[in-house]
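Structure at a glance
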Amino acid sequence: MRDFAEYKNAIAQLKAFAYSYYVLDNPTISDEEYDILYHQVKEYEAKNPAQILPDSPTQRVGGEILEGFKKSKHIQRMWSLDDVFNIQELEEWVARIKKNYPDVYFTCSPKFDGVSLNLLYQNGSLVSAATRGDGLIGEEVLANAKTITSIPMHIDESQTIEIRGEVLIAKDDFLKINEERIKNNQTLFANPRNAAAGSLRQLDSTITAKRKLLFIPWGIGVGDVDSSFFATMQHIKALGFFATPMIKRCQGVEEIHAYYEQIRLQRDALKIMLDGMVVMVDDFGVQNELGWTIKSPRFACAYKFPAIEKITKIHAITNQVGRSGVITPVAELEPIEIEGATISRATLHNYSEIARKDIQINDFVVIIRSGDVIPKIIKPIIERRDGAQIPIIPPKFCPICHKELLVEEIFIRCCNLECEARIKESIVHFASKKALNIDGLGEKIVYQLFECNKIASILDLYTLTQDDLLPLEGWKEKKASNLIQAIQNTKHIELWRLINALGIEHIGEGASKKLESAFGLSCFEASFEDLIALDGFGEEMVRAFLEFAFVNKETIHKLFALIEPTLTPKSNLAQPLKNLSFVITGTLSIPRETMKARLELLGAKINSSVSKKTNYVLCGEDAGSKRQKALELGVEIISEEDLERMLDSSLQRI
């Protein structure tokens, strides 16, 4: 390669060849020819490093190693979609839109089972690539995104524009990755989505470059492209992106459902994982008029594929101890493959559910899994019992520390904060953003410190030194110094944050603030009578708090001495749900009275029936007529997960 002009022309050829291969799936030259030209470019760049073009294919191989991901704020929020699961729910959703917009069209496209990514282009150059995060702020993974060949580093677009899509791994490539991990004695990825997420969030971009990641656009954020969503997707394709497959404009429910069935029947034959179909109002003007709820657009929904059901056998029950001490029974199953993932375990949630469903060891059971949803046991097949079944008996003592367990209405828990099984998860929660917010002390770091015997309890965090950290893999002086400082910064934190950080069952942000407001620094000395008198505190909450305070009296005393928590000015004790009305229906993960008390502490009003004045209907499993009434009145329906996201978003603004 003689000069810059010849080098520049070679770059253009390589980009065209790569586009044909990775985006159009139509190779125009052999691998050998591509490799020869690629190495000629590398040789020229080695001799002329100052002339390397930023869009050279050699710049996609990675090499940057990060200590952690920076935060990146999306210009326009990335919303999650409401789900519909059957044609009746689809009809109701379409009818609400058609009522005011009878001639509206919808654009239907596959819902990919991958990791969402927001690409920001300014003056045609890729300047940011951020994960969805909480919808407002994600993690900056630009170095990794540049290694994905189907993401153009430059586009013919002068305006600032956010291109959004899904990062995926093909089913065959997923299997190859797991085969390689088996050879290296590494933990296997559970499914292609899990593999895509793990590949995109590598701190070493050379690892990402080795994975065959694919970016498929599904929309835009900021940017004025066209008045039609369908036309916008065609414009994005023309910019050099992978063409979104199976995208179609439909007008009515029958046409939408027919196309959904067409995609559903094809999904097993496709190279990539799908978990449904996105239905989007096509006209951007109508979209803006329909607007958004607190968590999702009113103009789009995800029409989910049915969960896949399989039958397998329960061989045993393993009791796991979580952060809050709750004992979770986990069924050890005859391994079975569902949607490309081998399932050998499934949570049974609690012993009340086991009794309600009459599940026994050696039962054949129906298990479902949809997309990335955790496998769930639906029911035992009573007709297949052969006399070998063994009843599942709730434990009386913790399987790890052997302390006596506290038996509640639904849950069984270990109240010993020093129980080894609880420690790691307790520390993760203690350091989390909603608790003491110790920057740099995420789950992986906690596990590393625990397994290297640097910490054995929450108290050990406050004796850590740089000398403890520097010998560990991946630690440098700056990283160690930052963590030590972040831990020291928790001193004199507000009392309610410390209470919440302890992970006491039923005692979240709202209850913690209530305890601080009522009792101050003497909150752990309050009696049953004092606590039960608090507005919204039921007997179960009070018993859990008192039991925790008794078992962990010494640890709490030491933490108070180390942290010296302060009291929050009364005006700062916020109620993020103030004046919002809720109706609760269905079976929740906690007793309904406990959820009611929690919502009331956060300022919500709880009603027994749904009306037009209801703001939210909180639905658990097996929700009935109240959910139907909410659909008829257009009242927003939310799950427990939706509620947590609402609270997280509200508390971040406090």
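Each value, and the rule that gives it
- Residues numbered from 1 in each chain as written.
- Predicted model: local features only at pLDDT ≥ 70, side-chain atom pairs only at ≥ 80, totals over all residues.
- Heavy atoms only, no water.
- Pairing = 2+ DSSP bridges.
- Helix = DSSP H or I, 4+ residues; strand = E, 2+ residues; numbered from the N terminus.
- Axes fitted to C-alpha atoms, helices over the stretch in contact; angles between N-to-C directions.
- 1 Å grid on protein atoms, 1.4 Å probe; cavity = no way out; pocket = protein on both sides within 12 Å on 5 of 7 lines; lining within 4 Å.
- Points joined across faces, edges and corners; volume = space filled by probe spheres on them.
- Nonpolar A, V, L, I, M, F, W, Y, C, P; charged D, E, K, R; others polar.
- UniProt positions renumbered as here; feature names shortened; annotations may be inferred.
- Contact = heavy atoms within 4.5 Å.
- Buried < 20%, exposed > 50% of the residue type's maximum accessible area, 1.4 Å probe, protein only.
- Expected span 1.5 Å × (residues − 1).
- Arc of directions from axis to C-beta.
- Salt bridge = Lys/Arg side-chain N within 4 Å of Asp/Glu carboxyl O.
- Phe/Tyr/Trp six-rings, centres within 6.5 Å; stacked < 30°, edge-to-face > 60°.
- Lys NZ or Arg CZ within 6 Å of the ring centre and 35° of its normal.

1. Describing the sheet that holds strand E2 (residues 82–84)
Spatially, 5 strands are ordered E2-E11-E10-E3-E9 in an open sheet, and the strand pairing comes out mixed. In this open sheet, the two strands that pair with only one neighbour each are E2 and strand E9 (248–250). This sheet shows a mean twist of 35° between the axes of neighbouring strands, independent of strand direction. In the sheet, strand E10 (residues 274–281) pairs with strand E11 (residues 300–304) via 5 bridges, with the strands oriented antiparallel. Looking across to E11, one finds that Met280 is bridged to Ala300.

2. Quick look at the sheet that holds strand E7 (residues 161–169)
Strand order in the open sheet made by the 4 strands is E5-E4-E7-E8, with antiparallel pairing throughout. Each edge of the open sheet carries a strand with a single partner, namely strand E5 (125–131) and strand E8 (213–220). Here the average twist between neighbouring strands, direction ignored, is 35°. Across 6 bridges, strand E4 (residues 115–122) lies against E5 in antiparallel orientation. When the bridges of E5 are listed, Leu120 appears paired with Ser128.

3. Quick look at empty space enclosed by the protein
Inspection of the entire model under this criterion finds 2 cavities of 30 Å³ or more. Its boundaries defined by the atoms lining it, the largest cavity holds a volume of some 70 Å³. In terms of lining residues, the largest cavity is bounded by Ser324, Leu406, Arg413, Cys414, Cys415, Arg422, Gly503, Ile504, Glu505, Ala544 and Phe548. Its residues assigned to classes, the lining of the largest cavity comprises 6 nonpolar, 2 polar and 3 charged.

4. With respect to the UniProt feature "binding site: Zn(2+)" (unreviewed entry) in the protein
Per the UniProt record, "binding site: Zn(2+)" (unreviewed entry) is found at Cys398, Cys401, Cys414 and Cys419. The greatest C-alpha distance among the residues just named is 8.7 Å, despite their covering 22 residues of sequence, which places them together in space. Taken from the residues named earlier, the lining of the largest cavity is made up of Cys414. Among the structural elements, Cys401 can be located in the loop between strand E18 (390–391) and strand E19 (406–407). Setting aside residues no more than four positions away along its own chain, Cys401 makes contact with Cys414, Asn416 and Cys419. By the element assignment, Cys414 lies in the loop between strand E20 (412–413) and helix H12 (420–431). Taking the relative accessible area as the measure of exposure, Cys414 reaches 0% and is therefore buried. Ignoring any residue separated from it by four or fewer positions in sequence, one finds Cys414 in contact with Val321, Ser324, Gly325, Cys398, Cys401, Leu405, Cys419 and Arg422.

5. Details of helix H9 (residues 253–266)
Along its 14 residues, H9 runs 20 Å from first to last C-alpha, staying within 8% of the 20 Å computed at 1.5 Å per residue. Within the span of H9, buried status applies to Val253, Ile256, Tyr259, Tyr260 and Ile263. On an axial view of H9, the arc spanned by its buried residues comes to 135°, and they lie on one face. Away from its buried face by more than 90 degrees, H9 exposes Glu254 and Leu265. Against the buried residues of H9 lie helix H3 (87–98), strand E3 (106–112), E9, E10 and E11.

6. Let's talk about helix H5 (residues 171–183)
An α-helical turn contains 3.6 residues, so any two residues separated by three or four positions project in the same direction. The first and last C-alpha atoms of H5 sit 19 Å apart over 13 residues, in line with the 18 Å expected at 1.5 Å per residue. Three or more residues of H5 are buried, namely Asp173, Phe174, Ile177, Asn178 and Arg181. The arc that holds every buried residue of H5, seen down its axis, measures 140°, which confines them to one face. Facing away from the buried side of H5 by over 90 degrees, the exposed positions are Asp172, Lys176, Ile182 and Lys183. For H5, the secondary structure elements touched by its buried residues are E7 and helix H6 (192–200). Trailing H5 by a residue or two, Asn185 shows a phi angle of about 55°, which is positive.

7. Brief notes about the environment of Phe241
Checked against the element boundaries, Phe241 lands in the loop between helix H8 (229–238) and E9. A sequence separation of 266 residues divides Phe241 from Ile507, and the C-alpha atoms of the two residues are 48 Å apart.

8. Examining the pattern of salt bridges
Under the criterion given, the structure shown has 15 salt bridges. Between Glu332 and Arg345 there is a salt bridge, with the nearest N and O atoms lying 2.8 Å from each other. Here Glu332 is found in strand E13 (residues 327–338), whereas its partner Arg345 is found in strand E14 (residues 341–347), with 13 residues between them in sequence. Here Asp358 makes a salt bridge to Arg385, at a shortest N to O gap of 3.3 Å. Highlighted residues: Asp358 in the loop between helix H11 (351–357) and strand E15 (360–361) and Arg385 in the loop between strand E17 (376–380) and E18, separated in sequence by 27 residues. It is possible to trace a salt-bridge network through shared partners that takes in Asp358, Asp363 and Arg385.

9. Considerations on the packing of aromatic side chains
Taken as a whole and judged by the stated rule, the model has 13 aromatic pairs. Ring geometry for Phe4 versus Tyr7: centroids 5.9 Å apart, planes at 45°, classification tilted. In this pair, Phe4 and Tyr7 are both assigned in helix H1 (residues 4–23), 3 residues apart and thus about one turn of the helix distant. Residue class for Phe4 comes out partly exposed when judged on its relative accessible area of 33%. Here Phe524 and Phe560 contribute two aromatic rings whose centre-to-centre distance is 6.0 Å and whose plane-to-plane angle is 85°, an arrangement assigned as edge-to-face. In this pair, Phe524 is assigned in the loop between helix H17 (509–519) and helix H18 (528–532) and Phe560 in helix H20 (residues 553–563), connecting sequence segments 36 residues apart. Accessibility classification places Phe524 together with Phe560 in one group, the buried group. An aromatic cluster is present here, built from Phe4, Tyr7 and Tyr44 joined pairwise through their rings. The side chain of Arg384 reaches across the aromatic face of Phe364, ending 3.9 Å from its centre.

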